[in-house]
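Secondary and tertiary structure notes
Residue-level listing of the chains:
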Amino acid sequence: QKEVEQNSGPLSVPEGAIASLNCTYSDRVSQSFFWYRQYSGKSPELIMSIYSNGDKEDGRFTAQLNKASQYVSLLIRDSQPSDSATYLCAVGSPPGSARQLTFGSGTQLTVLP
Amino acid sequence: NAGVTQTPKFQVLKTGQSMTLQCAQDMNHNSMYWYRQDPGMGLRLIYYSASEGTTDKGEVPNGYNVSRLNKREFSLRLESAAPSQTSVYFCASSEKGGRDYGYTFGSGTRLTVV
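These lines cover the structure that appears in this document, whether it is placed above or below.

**Some details on the overall build of chain A**
Regarding its fold elements, chain A presents zero helices and 11 strands. Of the regular secondary structure in chain A, the N- to C-terminal order runs β-β-β-β-β-β-β-β-β-β-β. Taking 2.2 N^0.38 as the reference for a compact globule, 113 residues should give roughly 13 Å; the C-alpha atoms of chain A span a radius of gyration of 14 Å, in line with that estimate. Projected onto its principal axes, the C-alpha positions of chain A cover 45 × 30 × 20 Å. With 113 residues in all, chain A has 44% of them scored as buried.

**Overview of the sheet that holds strand β1 (residues 4-7) of chain B**
All names here are of chain B. Sheet architecture is open: four strands sit in the order β1-β3-β8-β7, paired in antiparallel fashion. What marks the edges here is a single partner per strand, and that holds for β1 and β7 (64-68). Along the sheet, successive strands turn relative to each other by an average axial angle of 15°, direction set aside. Where strand β3 (residues 19-25) meets strand β8 (residues 74-78), three bridges bridge the pair, whose relative direction is antiparallel. Each residue of the ladder has a partner; that of threonine 20, found in β8, is arginine 77.

**Focus on the state of the cysteines**
Considering all chains together, one arrives at two disulfides over all chains under this definition. In this model Cys23(A) forms its disulfide with Cys89(A); the gap between the sulfur atoms is 2.1 Å. Between Cys23(A) and Cys89(A), the S-S torsion sits near -70°, and that sign places the bridge as left-handed. With a gap of 66 residues between them, Cys23(A) in strand β3 (residues 19-25) and Cys89(A) in strand β9 (residues 85-92) connect regions that are remote in the sequence. By the burial criterion, Cys23(A) is buried, and Cys89(A) matches it. A sulfur-sulfur separation of 1.8 Å characterises the disulfide bridge that pairs Cys23(B) with Cys91(B). Here the disulfide of Cys23(B) and Cys91(B) is left-handed, its torsion about the S-S bond being about -75°. Here Cys91(B) lies in strand β9 (residues 87-94) and Cys23(B) lies in strand β3, a separation of 68 residues in the sequence. Residue Cys23(B) is classed as buried on the basis of its relative accessible area of 2%.

**Comments concerning the sheet that holds strand β7 (residues 61-66) of chain A**
Residue and element names in this part refer to chain A. Ordered in space as β1-β3-β8-β7-β6, the five strands form an open sheet in which the pairing is antiparallel. A strand with exactly one partner marks an edge of an open sheet, and here the two such strands are β1 (4-6) and β6 (54-58). With strand direction ignored, the average angle separating the axes of adjacent strands in the sheet is 20°. Looking at chain direction, β6 and β7 are connected through five bridges and run antiparallel. Note that in β7 the partner of glutamate 57 across the bridge is threonine 62.

**Things to note about the interface of chain B and chain A**
Tallying the contact residues gives 25 residues for chain B and 24 residues for chain A. Applying the counting criterion to the chain B and chain A interface returns zero salt bridges. For the pair chain B and chain A, the interface holds seven residue pairs in polar contact (both at pLDDT 80 or more). Every element with two or more residues in the side of chain B that touches chain A is listed here: β4 (31-38) and β5 (42-49) of chain B. Element by element, the count of residues in the side of chain B that touches chain A is highest for β5(B), at four residues. Partitioned by chemical class, the residues of the side of chain B that touches chain A number 11 nonpolar, eight polar and six charged.

What counts, and where the lines are drawn
Residues numbered from 1 in each chain as written. Chains lettered and ligands numbered in written order. Predicted model: local features only at pLDDT ≥ 70, side-chain atom pairs only at ≥ 80, totals over all residues. Heavy atoms only, no water. Helix = DSSP H or I, 4+ residues; strand = E, 2+ residues; numbered from the N terminus. Rg over C-alpha atoms; globule rule 2.2 N^0.38 Å. Buried < 20%, exposed > 50% of the residue type's maximum accessible area, 1.4 Å probe, protein only. Pairing = 2+ DSSP bridges. Axes fitted to C-alpha atoms, helices over the stretch in contact; angles between N-to-C directions. Disulfide = S-S within 2.5 Å. Contact = heavy atoms within 4.5 Å. Salt bridge = Lys/Arg side-chain N within 4 Å of Asp/Glu carboxyl O. Polar contact = N/O pair within 3.5 Å; in protein donor to acceptor, adjacent residues only side chain to side chain. Nonpolar A, V, L, I, M, F, W, Y, C, P; charged D, E, K, R; others polar.

Honestly, it's all geometry; don't read function into it.
Shown next, in the form of C-alpha coordinates:
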(Lines give C-alpha, C1' and ligand atoms only; values in the text may rest on other atoms or scores of the structure.)
Protein backbone atom coordinates (compact mmCIF):
# COMPACT_ATOMS: atom_id res chain seq x y z
CA GLN A 1 0.00 0.00 0.00
CA LYS A 2 1.58 3.22 -1.15
CA GLU A 3 1.46 5.96 1.45
CA VAL A 4 1.90 9.69 1.27
CA GLU A 5 2.15 11.57 4.54
CA GLN A 6 1.93 15.32 5.02
CA ASN A 7 2.45 17.46 8.08
CA SER A 8 -1.07 17.61 9.37
CA GLY A 9 -1.27 21.29 10.20
CA PRO A 10 -3.12 23.51 10.22
CA LEU A 11 -0.26 25.88 9.51
CA SER A 12 -0.50 29.62 10.07
CA VAL A 13 2.10 32.13 8.88
CA PRO A 14 2.07 35.94 8.79
CA GLU A 15 1.83 37.72 5.48
CA GLY A 16 5.24 38.02 3.83
CA ALA A 17 6.72 35.01 5.64
CA ILE A 18 7.90 31.72 4.12
CA ALA A 19 5.48 28.82 4.41
CA SER A 20 7.05 25.36 4.43
CA LEU A 21 4.97 22.31 3.59
CA ASN A 22 6.37 18.80 3.89
CA CYS A 23 5.55 15.39 2.47
CA THR A 24 7.06 11.92 2.76
CA TYR A 25 6.26 8.90 0.61
CA SER A 26 6.74 5.18 1.00
CA ASP A 27 7.21 3.87 -2.56
CA ARG A 28 10.92 4.13 -3.43
CA VAL A 29 10.37 3.68 -7.17
CA SER A 30 8.12 6.73 -7.52
CA GLN A 31 9.51 9.27 -9.97
CA SER A 32 6.85 11.95 -10.32
CA PHE A 33 5.79 14.33 -7.59
CA PHE A 34 3.17 17.03 -7.59
CA TRP A 35 1.78 19.78 -5.40
CA TYR A 36 -1.85 20.78 -5.73
CA ARG A 37 -3.63 23.72 -4.15
CA GLN A 38 -7.27 23.38 -3.16
CA TYR A 39 -9.37 26.30 -2.04
CA SER A 40 -12.31 25.53 0.21
CA GLY A 41 -15.18 24.08 -1.81
CA LYS A 42 -13.15 23.97 -5.01
CA SER A 43 -11.27 21.32 -6.96
CA PRO A 44 -7.52 20.78 -6.70
CA GLU A 45 -5.33 22.69 -9.13
CA LEU A 46 -1.79 21.75 -10.07
CA ILE A 47 0.82 24.28 -8.98
CA MET A 48 4.14 22.41 -9.14
CA SER A 49 5.63 19.20 -10.44
CA ILE A 50 9.13 17.84 -9.78
CA TYR A 51 10.93 14.76 -11.02
CA SER A 52 14.62 15.17 -10.17
CA ASN A 53 16.47 15.61 -6.90
CA GLY A 54 17.03 19.22 -5.91
CA ASP A 55 15.01 22.39 -6.15
CA LYS A 56 12.58 23.64 -8.77
CA GLU A 57 11.44 27.23 -8.63
CA ASP A 58 8.36 28.83 -10.17
CA GLY A 59 7.71 32.37 -9.05
CA ARG A 60 7.15 32.41 -5.30
CA PHE A 61 6.96 28.60 -5.16
CA THR A 62 9.91 26.23 -4.75
CA ALA A 63 9.52 22.46 -4.75
CA GLN A 64 12.30 20.37 -3.23
CA LEU A 65 12.83 16.65 -3.79
CA ASN A 66 15.13 14.24 -1.97
CA LYS A 67 14.59 10.73 -3.28
CA ALA A 68 17.09 9.16 -0.89
CA SER A 69 15.07 10.46 2.06
CA GLN A 70 11.76 10.00 0.21
CA TYR A 71 10.88 13.58 0.98
CA VAL A 72 9.18 16.34 -0.97
CA SER A 73 8.57 19.87 0.21
CA LEU A 74 6.97 23.07 -1.02
CA LEU A 75 8.17 26.51 0.02
CA ILE A 76 6.01 29.56 -0.54
CA ARG A 77 7.95 32.79 -0.28
CA ASP A 78 6.36 36.15 0.51
CA SER A 79 3.14 34.40 1.52
CA GLN A 80 -0.07 36.23 0.70
CA PRO A 81 -3.57 35.86 2.17
CA SER A 82 -4.61 34.51 -1.24
CA ASP A 83 -2.28 31.54 -0.61
CA SER A 84 -4.59 30.39 2.18
CA ALA A 85 -5.75 26.96 1.02
CA THR A 86 -5.16 23.26 1.52
CA TYR A 87 -2.04 21.96 -0.19
CA LEU A 88 -2.03 18.38 -1.40
CA CYS A 89 1.10 16.38 -2.08
CA ALA A 90 0.70 13.71 -4.77
CA VAL A 91 3.06 10.93 -5.80
CA GLY A 92 2.91 9.21 -9.16
CA SER A 93 2.95 5.52 -9.89
CA PRO A 94 6.13 4.00 -11.35
CA PRO A 95 6.90 4.36 -15.06
CA GLY A 96 5.24 1.80 -17.27
CA SER A 97 2.17 1.49 -15.09
CA ALA A 98 -1.11 3.32 -15.39
CA ARG A 99 -0.62 6.87 -14.30
CA GLN A 100 -2.19 6.96 -10.89
CA LEU A 101 -1.59 9.59 -8.29
CA THR A 102 -1.62 8.84 -4.58
CA PHE A 103 -2.50 11.89 -2.52
CA GLY A 104 -1.64 12.91 0.99
CA SER A 105 -4.43 14.15 3.23
CA GLY A 106 -3.34 17.75 2.78
CA THR A 107 -2.02 20.60 4.89
CA GLN A 108 -4.27 23.57 5.53
CA LEU A 109 -2.37 26.84 5.28
CA THR A 110 -3.64 30.16 6.60
CA VAL A 111 -1.74 33.34 5.81
CA LEU A 112 -2.58 36.03 8.33
CA PRO A 113 -2.75 39.66 7.11
CA ASN B 1 -12.21 25.47 -23.39
CA ALA B 2 -14.22 23.67 -20.71
CA GLY B 3 -11.54 21.19 -19.52
CA VAL B 4 -13.23 18.54 -17.36
CA THR B 5 -16.98 18.84 -16.85
CA GLN B 6 -18.82 16.94 -14.14
CA THR B 7 -22.56 16.64 -13.63
CA PRO B 8 -24.43 16.99 -11.38
CA LYS B 9 -22.73 19.42 -8.98
CA PHE B 10 -24.93 18.44 -6.03
CA GLN B 11 -27.09 15.40 -5.34
CA VAL B 12 -29.02 13.99 -2.40
CA LEU B 13 -29.93 10.30 -2.56
CA LYS B 14 -31.86 8.02 -0.29
CA THR B 15 -30.19 4.81 0.84
CA GLY B 16 -30.61 2.16 -1.83
CA GLN B 17 -31.16 4.55 -4.73
CA SER B 18 -28.91 4.46 -7.76
CA MET B 19 -27.34 7.23 -9.79
CA THR B 20 -24.66 7.91 -12.37
CA LEU B 21 -22.11 10.68 -12.14
CA GLN B 22 -21.09 11.99 -15.52
CA CYS B 23 -17.66 13.25 -16.55
CA ALA B 24 -16.47 14.56 -19.90
CA GLN B 25 -13.17 16.10 -20.97
CA ASP B 26 -12.39 18.06 -24.12
CA MET B 27 -8.58 17.95 -23.94
CA ASN B 28 -8.17 14.70 -25.90
CA HIS B 29 -6.61 13.06 -22.83
CA ASN B 30 -6.17 9.31 -22.79
CA SER B 31 -6.45 8.67 -19.05
CA MET B 32 -9.39 9.44 -16.79
CA TYR B 33 -9.95 8.90 -13.07
CA TRP B 34 -12.59 8.99 -10.37
CA TYR B 35 -11.60 10.02 -6.84
CA ARG B 36 -13.57 10.59 -3.69
CA GLN B 37 -12.56 13.12 -1.04
CA ASP B 38 -13.56 12.79 2.58
CA PRO B 39 -12.50 15.04 5.47
CA GLY B 40 -9.10 14.01 6.82
CA MET B 41 -8.75 11.24 4.22
CA GLY B 42 -7.45 13.10 1.22
CA LEU B 43 -8.31 11.97 -2.28
CA ARG B 44 -8.75 8.23 -2.77
CA LEU B 45 -8.85 6.58 -6.18
CA ILE B 46 -12.05 4.68 -6.96
CA TYR B 47 -11.55 3.60 -10.58
CA TYR B 48 -9.44 4.71 -13.49
CA SER B 49 -9.26 4.26 -17.23
CA ALA B 50 -5.76 4.35 -18.67
CA SER B 51 -7.12 4.54 -22.20
CA GLU B 52 -10.36 4.19 -24.11
CA GLY B 53 -11.73 0.68 -23.69
CA THR B 54 -9.97 -0.13 -20.41
CA THR B 55 -10.97 0.36 -16.80
CA ASP B 56 -9.33 -0.77 -13.56
CA LYS B 57 -10.05 -0.69 -9.86
CA GLY B 58 -8.35 1.79 -7.60
CA GLU B 59 -8.05 1.87 -3.83
CA VAL B 60 -11.76 2.00 -2.91
CA PRO B 61 -13.87 0.41 -5.73
CA ASN B 62 -16.50 -1.40 -3.66
CA GLY B 63 -20.03 -0.16 -4.33
CA TYR B 64 -19.12 1.53 -7.61
CA ASN B 65 -19.00 0.70 -11.30
CA VAL B 66 -17.60 2.70 -14.19
CA SER B 67 -17.99 2.99 -17.93
CA ARG B 68 -15.53 4.55 -20.37
CA LEU B 69 -18.11 5.41 -22.98
CA ASN B 70 -15.60 6.89 -25.43
CA LYS B 71 -12.38 8.86 -25.19
CA ARG B 72 -14.17 11.90 -23.81
CA GLU B 73 -16.55 10.40 -21.28
CA PHE B 74 -16.07 8.37 -18.10
CA SER B 75 -19.07 7.74 -15.85
CA LEU B 76 -19.30 6.48 -12.27
CA ARG B 77 -22.36 4.54 -11.13
CA LEU B 78 -23.62 3.88 -7.63
CA GLU B 79 -25.97 0.91 -7.90
CA SER B 80 -27.34 1.01 -4.34
CA ALA B 81 -26.22 4.10 -2.48
CA ALA B 82 -25.15 3.84 1.16
CA PRO B 83 -24.52 6.62 3.72
CA SER B 84 -20.80 5.69 3.64
CA GLN B 85 -20.75 6.95 0.04
CA THR B 86 -21.52 10.49 1.16
CA SER B 87 -18.51 12.35 -0.20
CA VAL B 88 -17.22 14.77 -2.77
CA TYR B 89 -16.43 13.03 -6.04
CA PHE B 90 -13.85 14.35 -8.47
CA CYS B 91 -13.21 13.27 -12.01
CA ALA B 92 -9.80 13.97 -13.49
CA SER B 93 -7.96 13.42 -16.74
CA SER B 94 -4.34 13.37 -17.83
CA GLU B 95 -2.35 12.99 -20.99
CA LYS B 96 -0.27 9.90 -21.46
CA GLY B 97 3.44 10.43 -21.93
CA GLY B 98 6.58 10.77 -19.87
CA ARG B 99 6.59 11.68 -16.23
CA ASP B 100 4.59 14.87 -16.56
CA TYR B 101 1.02 13.79 -16.08
CA GLY B 102 -0.41 16.19 -13.60
CA TYR B 103 -4.15 15.83 -13.52
CA THR B 104 -6.83 18.31 -14.53
CA PHE B 105 -9.79 18.01 -12.19
CA GLY B 106 -13.46 18.66 -12.70
CA SER B 107 -15.35 20.89 -10.30
CA GLY B 108 -16.68 17.97 -8.26
CA THR B 109 -20.00 16.41 -7.30
CA ARG B 110 -21.13 16.78 -3.71
CA LEU B 111 -23.18 13.68 -2.90
CA THR B 112 -25.17 13.14 0.28
CA VAL B 113 -26.80 9.78 0.97
CA VAL B 114 -29.47 9.86 3.67
